[in-house]
Amino acid sequence: MELSKRVQSIKPSATLSINARAKELKASGVEIINFGVGEPDFPTPRHIKEAAVKAIHDNFTRYTPVGGIPELKEAIIEQFKVDYGVSYEPGEILVSCGGKHCIYNVMQALLNEDDEVIVPAPYWVSYPDIIRLAGGRSIIVHTKEEDGFKLRPEKLEEAITARTKLLILNSPSNPTGSVYTKEELEPIAEIAIKHKIFVLTDDIYNKIVFDDAHWASIIHAMPEVKDFTLLLNGVSKTYSMTGWRIGYMAGPDPIISACTKIQSQSTSNPNSIAQVASVAALKGPQDDVERMVSAFARRREYFLNRLQQIKYVTFYPPQGAFYIFPNFSAYYGKKYNGQLITNSLDLTSYLMEEARIALVPGSAFGDDRCLRFSFATSLATIEKGLDRLEEALKRLL
Ligand code: GLU
């Protein structure tokens, strides 16, 4: 049997595969520290769960409109008004089965064979594969640590061709945690407008920012770019609701309608109960969010202090999200049990086997010098994991 060329052209999600492997090892009795997947370790807040239970008892268990229930669209419109200072109509909103599903719909709706999407690297693992599945091509633009891993306008301009359809921005970034300022986004917005390219802004971590960093979107930088912009968010990271699978997007009506049509022929509506829970998340008290963000901030602080003490590791301090993406390339070329460590995959395998720490190799994010840690896990776990990391790295020296 021959599988489609489409599916043969992609890889499984690296983040989800590593999470599955870590859980498998744990189930078989291996005590593994999982820095792999990026999902908050807190329970979903009680009032959100209660809203879902009530929805079940109220028999809110049937098909809903494909693009989401009106109450949720209204709550999203309100949220976007507060976050971005702009208004949307319900026809400009789509609710999908997670943020990833929104991105999938956009690529399917916008890309023709060989159309190009500009993806700044380091990038979130799934962008290139979702683009490939839609027949498009990722144009990877590498950023530099000294620029805070942010896209420089001249690099963007250089990458644009007649086939460029879309640019993806992700701030705070997964995996680097970098956060663009309004000033940095201004020239990017100008270029998008000048070349008439769409911008998909993946703002899924916008509520998780640290210290004096201020999250800003391209729409704050230049409100006129709204006609070219797709705003993406969801409840997964902010409300610790990864399993509920609710993501949403706002953008120009023709694109949202096209995405809704695709959704009607694939998943139909997102889960009815999860939609009710998401209304409670967006409209209910936000103190749990504050608590979670403060906990992430404490873990980040601890992480940074410890990493500073580890020899030959350099890093850019994340300003948002819950990842750190340090450079471990000084350890490449070292040997263990006669085996040479040449890249990020070799080093993550070594750390998994020898130190029982699960990490995602930087190659999955387009930068082979680094490894990604998620600090969405308890301080005690982080402490233990970093002790093991330090020990294992010492053995290589
Ligand atoms: N976005 C998270 C991560 O990067 C969740 C897993 C995924 O879908 O990639 O770990």
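This text goes with the structure placed above it.
Let me begin by describing the structure that accompanies this report. Source: prediction; values computed, not measured.

Here we look at the overall build of the chain
Move 1: Each helix and strand counted, the chain has 14 helices and 14 strands in total.
Move 2: Relative to the globule expectation of 21 Å for 397 residues, the C-alpha radius of gyration of the chain, 21 Å, shows essentially globular dimensions.
Move 3: Residues classed as buried in the chain amount to 56% of the 397 residues present.
Move 4: The long-range fraction of contacts in the chain, counting pairs at least 24 apart against all pairs at least 6 apart in sequence, stands at 75%.
Move 5: Carbon and sulfur atoms make up 51% of the accessible area of the chain, which totals about 17300 Å².
Move 6: In the chain, which carries 45 positive and 48 negative side-chain charges, the distance between the mean positions of the two groups comes to 5 Å.

Digging into the pattern of salt bridges
Move 1: With the rule as written, the count across this model stands at 25 salt bridges.
Move 2: Linking Asp147 and Arg152 is a salt bridge whose minimum nitrogen-to-oxygen distance equals 3.1 Å.
Move 3: Note on Arg152: relative accessible area 38%, which makes it partly exposed.
Move 4: One salt bridge connects Arg306 with Glu390, and the closest N-O pair in it is separated by 2.9 Å.

Description of the side chain of Thr348
Move 1: Here Thr348 is to be found in helix α13 (residues 344–355).
Move 2: Not counting residues up to four positions away in its chain, the partners in contact with Thr348 are Leu359, Val360, Pro361 and Leu371.

Observations regarding the site of the ligand
Move 1: If you check the shell around the ligand, you find Thr15, Leu16, Val37, Gly38, Lys100, Trp124, Asn174, Tyr205, Lys237, Tyr323 and Arg372 and nothing else.
Move 2: With respect to the ligand, the backbone of Gly38 contributes an N or O atom lying 2.8 Å from an oxygen atom.
Move 3: Between the ligand and Trp124, the relevant distance is 3.1 Å, taken from an oxygen atom to a side-chain nitrogen or oxygen of the residue.
Move 4: When the ligand sits alone it has 280 Å² of accessible area, and the protein chains cover 88% of it.

Quick word on helix α10 (residues 253–264)
Move 1: If you check α10, its first and last C-alpha atoms are 16 Å apart, about what twelve residues at 1.5 Å a residue would give, namely 16 Å.
Move 2: The complete set of buried residues in α10 reads Ile255, Ile256, Cys259 and Gln263. One side of α10 holds all its buried residues, which, seen down the axis, span an arc of 95 degrees. Among the exposed residues of α10, those pointing more than 90 degrees away from its buried face are Pro254 and Lys261.

Here's the deal with the sheet that holds strand β13 (residues 360–361)
Move 1: Pairing is antiparallel in the open sheet, where three strands are placed in the order β9-β14-β13. Across the chains shown, the open sheet's two edge strands, defined by having one partner strand only, are β9 (323–324) and β13.
Move 2: Here β13 pairs with strand β14 (residues 371–374) via two bridges, running antiparallel. Bridging across to β14, Val360 finds its partner in Arg372.

Rules and cut-offs
- All chains use their own residue numbering, which begins from 1 and follows the written sequence.
- In keeping with the predicted nature of the model, local features appear solely for residues at pLDDT of at least 70, side-chain atom pairs appear and are counted solely at 80 or more, and the whole-chain, interface and lining totals rest on all residues.
- Side-chain figures throughout are based on the complete set of non-hydrogen atoms in the structure, without hydrogens or water.
- Each helix is a run of DSSP H or I of at least 4 residues and each strand a run of E of at least 2, with the numbering of both proceeding from the N terminus.
- The size measure is the radius of gyration over C-alpha atoms, and the globule rule it meets is 2.2 Å times the number of residues to the 0.38 power.
- Exposure categories follow from relative accessible area, calculated using a 1.4 Å probe and restricted to protein chains: below 20% of the type maximum is buried, above 50% is exposed, and the middle band is partly exposed.
- Here, residues are in contact when the closest pair of their heavy atoms is within 4.5 Å.
- For the accessible areas, the method is Shrake-Rupley and the probe is 1.4 Å, while residue cover comes only from the protein chains on display.
- The charged-residue count follows a simple rule in which Lys and Arg add positive charge and Asp and Glu add negative charge, with His and chain termini not counted at all.
- Throughout, a charge is located at the NZ atom of Lys, the CZ atom of Arg, the CG atom of Asp or the CD atom of Glu.
- When a carboxyl oxygen of Asp or Glu lies within 4 Å of a side-chain nitrogen of Lys or Arg, that pair is called a salt bridge.
- Any residue with a heavy atom positioned within 4 Å of a molecule or strand is treated as near that molecule or strand.
- Any pair of nitrogen or oxygen atoms within 3.5 Å is treated as a polar contact; in protein, a donor-acceptor pairing is required on top of that, and neighbouring residues in sequence qualify only through side-chain atoms on both sides.
- Helix span is expected to be 1.5 Å times the residue number reduced by one.
- By definition, the arc is the one covered by directions from the helix axis to the C-beta atoms.
- Strands were regarded as paired on the criterion that DSSP finds at least two bridges between them.

Read these as geometric descriptors, not functional statements.
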